[in-house]
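Residue-level structure breakdown
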Amino acid sequence: ATWRDPKYALCVQPYTWGQLMQGYKDGTLTFRTGGMGGLLEEDGYEAWLCLKDHYCATDYTNPFFCFAYHETKKEWTPWGPLLLGFV
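Below is a summary of the structure that appears in this document. (Residues numbered from 1 in each chain as written. Predicted model: local features only at pLDDT ≥ 70, side-chain atom pairs only at ≥ 80, totals over all residues. Heavy atoms only, no water.)

Here's the deal with unusual backbone geometry
The cut-off we apply is this: For the purposes of this entry, the term helix denotes a DSSP run of H or I that reaches at least four residues, the term strand denotes a run of E that reaches at least two, and both are numbered from the N terminus.
The backbone of Asp53 shows a phi angle near 65 degrees, a positive value even though the residue is not glycine. Locating Asp53 in the fold gives a position in the loop between strand S2 (45–52) and strand S3 (64–70). The phi dihedral of Lys74 is positive, around 55 degrees, even though this residue is not glycine. One can find Lys74 in the loop between S3 and strand S4 (75–81).

Here is the structure:
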């Protein structure tokens, strides 16, 4: 999957980092996050987040949809469904 795939252009990650942390603490949001590893772009895409039960996660066996976070632009870019074994 690539975070520049046009078929995911309408998928939006609506939460700020603060909202994500609060949702994690109060149990209303479930997600996985981490660094981009070998895909890291310094001052660019440095982190990823896979949000459970996102409306773009259309496979009931895989309820996570992922986004790449651009550190400089402070914006989320749709990446695609969680790749099994990625997390």
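A closer look at the sheet that holds S2
Using the following cut-off: Paired strands, in this sense, are two strands between which DSSP finds at least two bridges. Between the N-to-C directions of two axes lies an angle of 0 to 180 degrees, each axis being a line fitted to C-alpha atoms and, for a helix, fitted only over the stretch in contact. Whether two residues touch is decided by their heavy atoms; if any such pair falls within 4.5 Å, the residues are in contact.
Spatially, S1-S2-S3-S4 is the arrangement adopted by the 4 strands of the open sheet, whose pairing is antiparallel. A single partner strand is all that each edge strand has here, and the edge strands are strand S1 (31–35) and S4. Ignoring strand direction, the axes of neighbouring strands in this sheet form an average angle of 25 degrees. The strands touched by helix H1 (residues 17–26) are S1, S2, S3 and S4; relative to S1, the strand with the most contacts, the crossing angle is about 130 degrees.

Let's talk about the environment of Phe64
Let me state the cut-off plainly: A 1.4 Å probe rolled over the protein chains alone gives each residue an accessible area, and that area as a share of the maximum for its type sets the label: buried under 20%, exposed over 50%, partly exposed in between.
Turning to its location among the elements, Phe64 is positioned in strand S3. On the accessibility criterion, Phe64 (9% relative accessible area) is buried. Separated by 54 residues in the primary sequence, Phe64 and Leu10 have C-alpha atoms spaced 16 Å apart.

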